[in-house]
Amino acid sequence: MRYVSFLYLILSGLWLTGCGYDRFGELREPEPPAWTANTTLAGVERFYRSGGADLPDGTIVSGTVTTSDSAGNFYRMLVIQQDETPLAVLTGTFDTYTAYRPGEQVTLRLDGLRAGLWEGMLAVGAPEPGYPKGIDYIASDALLRKIMVRSGISVPKPVDTLELTVPEVTPELAGRLVRVTGGRFTQGGGQTWSGEQTYSAGRGISLQVYTSPYATFADDLLPEGGVTLTGIVTVYDETVQLKISSTLDVCPTQ
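Residues numbered from 1 in each chain as written. Predicted model: local features only at pLDDT ≥ 70, side-chain atom pairs only at ≥ 80, totals over all residues. Heavy atoms only, no water.

A closer look at the overall build of the chain
If you tally the helices and strands in the chain, you get 2 helices and 17 strands. Looking at the chain as a whole, 50% of its 254 residues qualify as buried. Accessible surface, the chain: about 11,500 Å² in total, of which carbon and sulfur atoms supply 50%. (Helix = DSSP H or I, 4+ residues; strand = E, 2+ residues; numbered from the N terminus. Buried < 20%, exposed > 50% of the residue type's maximum accessible area, 1.4 Å probe, protein only. Areas by Shrake-Rupley, 256 points an atom, 1.4 Å probe, with all protein chains shown as cover.)

See the structure below:
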């Protein structure tokens, strides 16, 4: 199924090359910590890769929010990242960005959730009825607020944002926050963002950029000329793609 921001973080000293704005915005006062993480996102990944599915009760992780559904391109989900490991959370809720903003640290209790793959990304969600390994949306704002809280950390930790060229974007990076340089849209100025668009580095080297038809910028024209894109790597039908949160993640090449 298809469902479907970087100048700097002043407080953390995470300086991100962007085009004139703070991707993560002004962070709010943190909530009192409800729990302390007792495993890492890398630990959850090892659990899944070793054949695990239903996460043990009491498993608690933390990470930094790297996506926003404010423009509707990330649908009923968010992605968090800790060091080099991302995790998609199938919230099943709308306007999640109002509670969990990009750049905020969150702590997530995984009781009753299941690990799996979603658009090529390691993800957690509700167990899908009738499918021992299937995952589905949590689909309850009340439940989500019980299991995920903003961590009691007033200074955000730097997010490991990979700087890549087009051929370096591979399926193994699914879920990672990346900044891709050295390309331009083949139909820039003549086609809209909606659907799958080609971001090309020339000589037959390209990357698909996917935008939901329901995203607020879906009907905007693609930019002309060289641009840098910041987004999340996903995989659809074995094809690697990039998905951005909004057009604020697109910067003209200087």
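Having seen the model, we can carry on.
Re the side chain of Gln82
With respect to the helices and strands, Gln82 occurs in strand β4 (residues 78-82). There is a polar contact of 2.9 Å between the side chain of Gln82 and the backbone nitrogen of Leu41. Once you skip the residues sitting within four places of it in the chain, Gln82 turns out to touch Thr40, Leu41, Ser62 and Gly63. (Polar contact = N/O pair within 3.5 Å; in protein donor to acceptor, adjacent residues only side chain to side chain. Contact = heavy atoms within 4.5 Å.)

Brief notes about the packing of aromatic side chains
Considering all chains together, one arrives at 5 aromatic pairs under this definition. Aromatic ring contacts, followed pair by pair, group Phe185, Trp193, Tyr199 and Phe217 into a single cluster. Over the face of the ring belonging to Tyr137 we find Arg76, whose NZ or CZ atom lies 4.3 Å from the ring centre. We note Lys243 situated over the ring of Phe74; from NZ or CZ to the ring centre the distance is 5.3 Å. (Phe/Tyr/Trp six-rings, centres within 6.5 Å; stacked < 30°, edge-to-face > 60°. Lys NZ or Arg CZ within 6 Å of the ring centre and 35° of its normal.)

A short note on the confidence of the model for the chain
For the chain, per-residue confidence averages 87 on the pLDDT scale, and residues scoring 70 or more make up 84% of the total. Every residue in residues 1-18 is under pLDDT 50, and counting partners more than four places away or in other chains gives 64 contacts. Segment residues 20-24 is flagged for pLDDT under 50; beyond a separation of four residues in sequence, or across chains, it makes 28 contacts in the model. (pLDDT = per-residue confidence, 0-100.)

Points about the environment of Pro86
Counting through the fold element by element, Pro86 comes out in strand β5 (residues 85-89). Among all residues touching Pro86, those that are not within four sequence positions of it are Leu41, Val79, Ile80, Gln81, Leu122, Ala174, Gly175 and Arg176.

Observations regarding the nonpolar core
With 23 residues, the main nonpolar core has Val180, Phe185, Trp193, Tyr199, Leu229 and Leu242 as its most contacted residues. Sequence-distant contacts of Leu242, defined by excluding residues within four places in its chain, comprise Val178, Val180, Leu207, Gln208, Val209, Tyr210, Leu229, Gly231, Ile232 and Val233. In this structure, Val61, Tyr100, Leu110 and Ile147 belong to the second largest nonpolar core, which totals 22 residues. (Core = buried A, V, L, I, M, F, W, Y, C linked by side-chain atoms within 4.5 Å.)

Things to note about the environment of Leu78
Of note, Leu78 is situated in strand β4. Note on Leu78: relative accessible area 2%, which makes it buried. Other than its neighbours up to four places away in sequence, Leu78 contacts Thr67, Leu87, Ala88, Val89, Thr91, Thr96, Tyr100 and Met148.

Side note on the pattern of salt bridges
In the structure shown here, the tally under the stated rule is 7 salt bridges. Of the charged contacts, one joins Asp54 and Arg114 as a salt bridge, the two residues approaching to 2.6 Å between their closest N and O atoms. Of this pair, Asp54 sits in the loop between α1 (41-49) and β3 (60-65) while Arg114 sits in strand β7 (residues 114-118), and the two are 60 residues apart along the sequence. On the accessibility criterion, Asp54 (44% relative accessible area) is partly exposed. The closest approach of N and O atoms between Glu119 and Lys243, which form a salt bridge, is 3.1 Å. Here Glu119, found in the loop between β7 and β8 (121-127), pairs with Lys243, found in strand β16 (residues 239-243); they are 124 residues apart in sequence, far enough to count as distant. (Salt bridge = Lys/Arg side-chain N within 4 Å of Asp/Glu carboxyl O.)

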